[in-house]
Amino acid sequence: MEVSGKLAVSSEQDSNLYCLPCDRDGLKEPDFGYCQDCEEYLCESCYKHHRKQKPSMNHVLLDQDRMPQQSKSGNIKNDKITDFCTKHSDKLLEFFCNTHNSDVCYVCMTLEHKHCKVDYIQNVSGNLSGELEKLIYRMETLIQKCKSNVKIAETATTNIEQMYKAVVEDIKVFRNEINECLDKMEAEIMRDAKTRALTAKCKQENVKTGSLHIAEGMSSTMSMLKFLGDENKQNKLFIEMKHAGPQVSRLSDQEKQLVEDNKTDGEVNFIRNEMMLSQFKHNTSLGTISTYGRPCAESAVYVHYERTIQVQNSSGNRQCNISGMILISSTNMIVADKNNNKIKTINIDEGTLVSEIILSSSPRDVIKLPQNKFAVALCDKKFIQIMSYTDISLSLDRRIDVGEICYCVAYCQDKLVVGCNYNPGKLVILDLDGNIIQVFDTPGLFDGPEKIVFNRDKKFMYVSDYFYCKGHSKCMKLDWQGNVLQRFEDQGYKCPQGIQELEDGTLLVCYTESSNIVRLSSSFKKCEIVGLENICNPLAVLYNDRDHKLYISCSSEEERYSSNIIKIFSVKWT
């Protein structure tokens, strides 16, 4: 068991010094000597027996004439620990177990936390300003997000009412142009519109109510922490801060889930069926209700540049080359840096490096898995590396053997789909235990798979395929049986790499060598996209439909051969 810090001297007055080992058991034995190694005062009995124990047999002991006459901590705190252990009612909760995030007594520490990282609270509670500042910042950030959610919900509610009124008016105007035989269809479409509007308003009310509840909880906790800090109640402040940290994380997750669970379709429109006037006897519907949240592929997409993240390298001067990206939270993303054999966690808001880990080979692709895990395809390796992540750390987990050189990986329905080999290439489908379920290796099907993604309903997969020796560049849409449903090839676009589906069902494809990003419909027809004309060597692409942000790794003006920066864009539909 590791216990950091040294126990503060227990005293009634500054001039009285007591044996610390005995003090832990509630005894007040006067000091007889001092151990320089332990930095503890000892009574006569402890002093005589201190060197008889193997761990302390070589410690330096000072007698009463040579020992320091003042506690090394030098500071008397104005609050004492008064909470007693629920298991050992006569023992104070004087220790904090960082491993289990709980305050414990001396007996619990000895019996149940032998292998944990344990702190003596009085020794670590004196310098909390930095940690308190960070925790308060997290709380204030969450409160601001909740307040923002409330404003957004209020505005959205007003817009929903206005849009609903406009839809109703359109329905009535159109209904007046046709005869009474359409009454039934009118009632159905009105009911649909009203249901959508009420559902959307209920969702926004859920966001508003939930966000206010979270903000109130955070405000209460934050006020208590500020009060304890102002009153210099360091021990109580330390304990409450440790309890508040998980609370902030839990409520942050609740806030994210609250917004995610209550996403609305957005703008509601009534689309007129002009042919109905002459052919209404052959129609079965008065019209349709369109939703802004699912724009049609025919609409143009406009992207607006916001800023650039210069991906950092903690050591060496070699430029980064970002070959894959995944989002793990609203503020952090994990990227694959294949030039430096590293996986990195990047803070999106600050553009800073949070953590990194060196791998045995170049990471070609990265994909998110459940339970805070992700999968990495490594260059020239015949396995997929499974890894784990937290907000501040990365770690290796296990390997899944594939038996083929792995270049890209996708995850869907508890299966991994791995793109393997060059000239020819193949797709290997495995379960998470490494059992091969299916292989797509029809001759001429693949030259070299570069990226695999699934569409939103998981029925199809999209594959970018390229082999430099042949110069073939194509993108394909396949079903789960390996049948090619659509194919896109154009001599003007070379070396397809990253693929990303947008919320309207269209695809963005990065063509690295020709410095293009092409938007394709689900039928693989080119669609309009405006604002991505000056992207140099795009390699990986990522889209977050929660905030409509697009992330593209590409080359900077100074470095033309590595995708060393990540450009961030906002996305809008006409």
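Quick look at the structure, then. None of the values given here were measured: they were computed from a predicted structure.

**Section: unusual backbone geometry**
Following Asn423, the chain continues into Pro424 via a peptide bond in cis, with omega recorded as 0°. Position of Pro424 relative to the elements: it lies in the loop between strand E20 (415-420) and strand E21 (426-431). The phi dihedral of Asp380 is positive, around 65°, even though this residue is not glycine. Locating Asp380 in the fold gives a position in the loop between strand E16 (373-378) and strand E17 (383-389). Positive phi, normally seen in glycine, also occurs at Phe524, with a value near 65°. What makes Phe524 buried here is its relative accessible area of 4%.

**Section: the pattern of salt bridges**
Opposite charge on two side chains permits them to pair, given that their charged atoms come into close proximity. Overall, the coordinates contain 23 salt bridges when judged by the stated rule. Asp23 is the partner of Lys28 in a salt bridge, and the nearest nitrogen-oxygen pair spans 2.9 Å. What makes Lys28 partly exposed here is its relative accessible area of 42%. By relative accessible area, which is 14% here, Asp23 ends up buried.

**A few points about the sheet that holds strand E22 (residues 436-440)**
Pairing is antiparallel in the open sheet, where four strands are placed in the order E19-E20-E21-E22. The open sheet has two free edges, formed respectively by strand E19 (406-412) and E22, since each of these has just one partner strand. Along the sheet, successive strands turn relative to each other by an average axial angle of 20°, direction set aside. Alignment of E19 against E20, held across six bridges, turns out to be antiparallel. Looking across to E20, one finds that Ala410 is bridged to Val417.

**Observations regarding the state of the cysteines**
Summed over all chains, the structure comprises zero disulfides. Cys108 supplies the cysteine sulfur nearest to Cys105, a cysteine that is in no disulfide, at a spacing of 3.6 Å. Residue Cys105 is classed as buried on the basis of its relative accessible area, which comes to 0%. No disulfide involves Cys116; its sulfur sits 3.8 Å from that of Cys97, the nearest cysteine. For Cys116, a relative accessible area of 8% puts it in the buried group.

What counts, and at which threshold
- Residues numbered from 1 in each chain as written.
- Predicted model: local features only at pLDDT ≥ 70, side-chain atom pairs only at ≥ 80, totals over all residues.
- Heavy atoms only, no water.
- Helix = DSSP H or I, 4+ residues; strand = E, 2+ residues; numbered from the N terminus.
- Buried < 20%, exposed > 50% of the residue type's maximum accessible area, 1.4 Å probe, protein only.
- Salt bridge = Lys/Arg side-chain N within 4 Å of Asp/Glu carboxyl O.
- Pairing = 2+ DSSP bridges.
- Axes fitted to C-alpha atoms, helices over the stretch in contact; angles between N-to-C directions.
- Disulfide = S-S within 2.5 Å.

Coordinates in, geometry out; function isn't part of it.
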